[in-house]
Amino acid sequence: MKYDFTSVPDRSKCGSSKWNSAGNASVENVPLSVADMEFYTAPPIVDAIKELADTTILGYTQATDKYYDAVCGWMKRRHNFEVESEWIINTPGVVDALAVLVDAATKPGDGVIILTPVYYPFDMAVIAKGRRIIYSTLINNNGHYEIDYADLRKKARMPKAKALLFCNPHNPVGRVWTKAELLKVADICCDNDVFIIDDEIHHDLIMPGYGHTVMATVSERVKDNIAVCTAPSKTFNIAGLQGSNIIIPNKIMRTKAKACSMLNMQMNLNIVAYTACMAAYNECEEWLDELITVIASNAKYVEDFMAENFPEIKISPLEGTYLQWLDMRKLGMTHIELKKMLEDAGIYLDNGEVFGESGRGFERINLACSRQTLEKAMLRFKCAVEKVRDEWKINGKPYHKTLTVGTRLEGFVYDSPKGKGQALEHTIQKPTLIVFSRYCECEICRAVLAMLTAAYPVLRLKGYDVKVVLQSDLETITRYSKKYPFELIADPDKILYDRYNVFEADGFVQMLAGDKLYETFVGKNVKKLLNTDMVNSIASALDGNEENSDNGPRQMQLSAFIAVDKNLKVSYSHYCKTIADFPSSKELLLNLK
């Protein structure tokens, strides 16, 4: 090859966000998480930046005709999309553009459709602007993901639905949507006045045998109902220069987007971003073509490795991006155990749950690295799985069970002020409602306890006992127990939570998205969270100082409501999806027979 795709750059002292987020990153343990390549920058880009520094005053700079020619020429050559220069507005990145376009295309309180699992800043772009997320889950057809058009049409018809955040190619599942698929989506949105915010940041990274279609080209009417978000950042790994080209043919929407960008104090790009983009689009096609062969080869290597060593791991075909999607659920671990196993082995991937609940048990691996880096990671992965399986042979496989209606509650041993090491199968005397809440000092937890206290007389009349599991120690539980008419259970080590898969939220956004209490309190202004200590976990999440889940209560902990009969058979099950997604007392009484 003409270019260097075999070296392993040492980024440990460069301020790399990806490397700094990994505990022990080194040239031996290269993190394969964030979509940031482990390749040196294409030489023409480096040369252009050097020449710029040598010859040009680095002052405030606007896009030039040469810049627009480079962008429009690239879109024509690589994507068969005729772009007029006046359609282009610049933002520091596509993520910034998503927020600007949500602002421009919707009003506070409107709904924005997202096809999940998907790139996690989509959620934040909606929540940060005081809009509501409307999820439509992709169909996983044996590793090949498809759009659920019936569900998408249903969601698009909702009066509140005003925009669709769309990913083409799709991150993380690696799909390159066909023209026919795109046309169906476009027609649904146009028929229902849903504006399309089309993230095409990976559209240059298409694997051999596949072809990319810019969504704006599938019909004339969609061109008037879309913003196409592009950038050289992923293609040429220059995200640190912060430059993107947002293509909006509709003049009114383009004007709104420019206004929203200015209101967010986003003006022009920095001079280096313009220079690098021109060099990339005018001089680096050969580099890109070589890169794609490297990515395709690395994808095939991972596929072959898993087929030989772990055939139970299902890999989604990589059609586009350099991010491979692996279904590891059949390894038999929870997503929490899987993450711990990987990190203990010095393997840093993007855990699937950050892309949405349907991503739990999946991993996204960054293939933009040297083959030797990938081989070392796969060897560590093999050793890590074998180590876990050896431990299972000695100690037995950890018991985990999601309690659904009809299953049996097993092994519920607990401590409370009534005694330590009690087995529910020996102490249960009547149907029992078991509530997994948070911890005694939590205001959300106190609200749950107050609701249960108010409902308790009626629950007793219906023949039910109540037990509440908390992540507080027995001494604290004993002190709090005097306030409540039901039994409080101490589980400071989260043994029962883990045993019955009462998970934490997968992230700050997932903890809040769609939550009624959150929407009531925050309304249309997410910044209100900065001025309150209503929920300690929210403050911790915003500060980035979440407590280690092994020390003290889990700040992102969600709740669960489980009812069992005297034989411990589950008759009602509600695992909360957000921090305050607990059923009302009326709902509980209706569901408890």
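For clarity, every value in this text was computed on a predicted model and none was experimentally measured.

Trainee: Could you give an account of a nonpolar patch on the surface, naming the residues involved and the relevant values?
Mentor: A contiguous nonpolar patch, built from M262, M265 and M267 and spanning about 360 Å² of accessible area, is present on the exposed surface. Within the fold, M265 resides in the loop between α10 (251–263) and α11 (271–283).

Trainee: Would you mind going over the sheet that holds strand β6 (residues 161–167) in detail, with residue names and values included?
Mentor: Taking strand neighbours across the sheet as the criterion, the seven strands line up as β1-β9-β8-β7-β6-β2-β3 in an open arrangement whose pairing is mixed. Across the chains shown, the open sheet's two edge strands, defined by having one partner strand only, are β1 (88–91) and β3 (132–137). Across the sheet, the mean angle from the axis of one strand to that of its neighbour is 25 degrees, orientation sign disregarded. As judged from the four bridges shared by strand β7 (residues 195–199) and strand β8 (residues 226–230), these two strands associate in the parallel manner. Following the sheet pairing, D198 is matched in β8 by V228. Sheet strands touched by helix α3 (residues 65–79): β1, β8 and β9 (244–247). Its angle to β1, the strand with the most contacts, is close to 105 degrees. Contacting β1, β6, β7, β8 and β9, helix α4 (residues 94–105) runs over the sheet at an angle of about 165 degrees to β8.

Trainee: Summarise the nonpolar core; cite the residues concerned and give the values.
Mentor: If you look at soluble globular proteins, the nonpolar side chains tend to sit buried side by side. Ranked by internal contacts, the top residues of the largest apolar core, which has 111 residues, are F166, F236, M306 and F381. The element best represented in this core is helix α12 (residues 285–309), accounting for eleven residues.

Trainee: Quick rundown of the pairing of strand β14 (residues 413–416)? Include the residues and the values.
Mentor: Side chains Y414 and S416 of β14 all project onto a buried face; the interleaved residues V413 and D415 project onto a face where none is buried. In this structure, the hairpin formed by β14 and strand β15 (residues 419–423) is closed by a connection of two residues.

Trainee: Give a detailed account of the sheet that holds strand β10 (residues 314–315), specifying residues and quantitative values.
Mentor: On the basis of which strands lie adjacent, the open sheet formed by four strands has the order β10-β11-β13-β12 and antiparallel pairing. A strand with exactly one partner marks an edge of an open sheet, and here the two such strands are β10 and β12 (350–351). Where β10 lies against strand β11 (residues 323–327), two bridges are found, and the strand directions are antiparallel. When the sheet's bridge partners are listed, I315 is paired in β11 with L326. Strands in contact with α12 are β10 and β11; relative to β11, the strand with the most contacts, it is inclined by about 15 degrees.

Trainee: For the layout of surface pockets, give the residues involved together with the corresponding values.
Mentor: Space inside the second largest pocket adds up to approximately 980 Å³. Around the second largest pocket sit 43 residues that line it, and D36, K234, I238, A239 and G240 are the ones nearest its centre. Every element with two or more residues in the lining of the second largest pocket is listed here: α1 (17–20), α2 (43–55), α4 and α9 (233–236). For the lining of the second largest pocket, the residue count by class is 22 nonpolar, 13 polar and eight charged.

Trainee: Give a detailed account of the state of the cysteines, specifying residues and quantitative values.
Mentor: Applying the stated criterion to the full structure yields zero disulfides. The cysteine C284 is free of any disulfide, with C277 supplying the nearest cysteine sulfur at 10 Å. Not part of a disulfide, C369 finds its nearest cysteine sulfur in C14, a span of 17 Å. Judged by its relative accessible area of 1%, C369 falls in the buried class.

Trainee: Can you tell me about the side chain of H170, naming the residues and giving the values?
Mentor: For H170, the location among the structural elements is in the loop between β6 and α7 (179–191). Separated by 2.7 Å, the side chain of H170 and the backbone oxygen of P117 make a polar contact. H170 has contacts with L115, P117, V118, L138, R175, W177 and T321, leaving out every residue within four places of it along the chain.

Trainee: I'd like a rundown of the pairing of β11, residues and numbers included.
Mentor: Among the five residues of β11, five are classified as buried, and the element is accordingly described as predominantly covered. The alternating pattern of β11 places L323, W325 and D327 on one face and Q324 and L326 on the opposite face, and all of these are buried. Pairing between β11 and strand β13 (residues 362–366): five bridges, direction antiparallel. The residue of β13 that forms the bridge with W325 is R364.

Trainee: Give a description of empty space enclosed by the protein that names residues and reports values.
Mentor: This structure, assessed with the given rule, holds three cavities of 30 Å³ or more. What the largest cavity holds in volume is close to 70 Å³. Lining of the largest cavity is provided by Y67, P232, S233, I238, L241, Q242, G243, A273, A276 and C277. Per-element tally for the lining of the largest cavity: the top contributor is α11, with three residues. Its residues placed into classes, the lining of the largest cavity shows seven nonpolar, three polar and no charged. Every residue lining the second largest cavity is listed: M306, L326, M328, I347, L349, I365, A377, M378 and F381.

About the thresholds
- Counting restarts for each chain, with residues numbered from 1 along the sequence as it is written.
- For this predicted model, a pLDDT threshold of at least 70 governs which residues receive local features, and a threshold of 80 or more governs which side-chain atom pairs are given and counted, while totals over whole chains, interfaces and linings are taken from all residues.
- Working from all heavy atoms in the structure, the side-chain values ignore hydrogens and water.
- Each patch is built from residues that are more than 30% exposed by relative accessible area and take part in no salt bridge. Like charges join if they lie within 9 Å; nonpolar side chains (Val, Leu, Ile, Met, Phe, Trp, Tyr) join within 5 Å.
- Calculation of accessible area relied on Shrake-Rupley with a 1.4 Å probe; when residues are assessed, cover is drawn exclusively from the protein chains displayed.
- By convention in these notes, a salt bridge is any Lys or Arg side-chain nitrogen within 4 Å of a carboxyl oxygen on Asp or Glu.
- Runs of E in the DSSP output that reach at least two residues are strands. Runs of H or I that reach at least four are helices, and both are numbered from the N terminus.
- By the convention used here, strands pair only if DSSP detects at least 2 bridges between them.
- A fitted line through C-alpha atoms represents every axis, and for helices the fit uses only the stretch in contact; the resulting angles, taken between N-to-C directions, go from 0 to 180 degrees.
- The contact definition used throughout considers only heavy atoms, calling two residues in contact when any of these lie within 4.5 Å.
- Definition of nonpolar core: a set of buried residues of the types Ala, Val, Leu, Ile, Met, Phe, Trp, Tyr and Cys, connected through side-chain atoms within 4.5 Å.
- Burial classes follow relative accessibility: with a 1.4 Å probe on protein chains only, a residue under 20% of its type's maximum area counts as buried, one over 50% as exposed, and anything between as partly exposed.
- Put simply, the grid is 1 Å and covers the protein atoms alone, a cavity is a trapped set of points that fit a 1.4 Å probe, a pocket is an open set with protein on both sides within 12 Å along at least five of seven lines, and lining residues have an atom within 4 Å of a point.
- Grid points are joined across faces, edges and corners, and a volume is the space filled by probe spheres set on the points.
- In the scheme used here, Gly and all other residues not listed as nonpolar or charged are polar, with Ala, Val, Leu, Ile, Met, Phe, Trp, Tyr, Cys and Pro taken as nonpolar and Asp, Glu, Lys and Arg as charged.
- Cysteine sulfur atoms that pair up within 2.5 Å are treated as a disulfide.
- In protein, a polar contact requires one atom able to donate a hydrogen and another able to accept it; more generally it is a pair of N or O atoms within 3.5 Å, and residues adjacent in sequence count only if both atoms are side-chain atoms.

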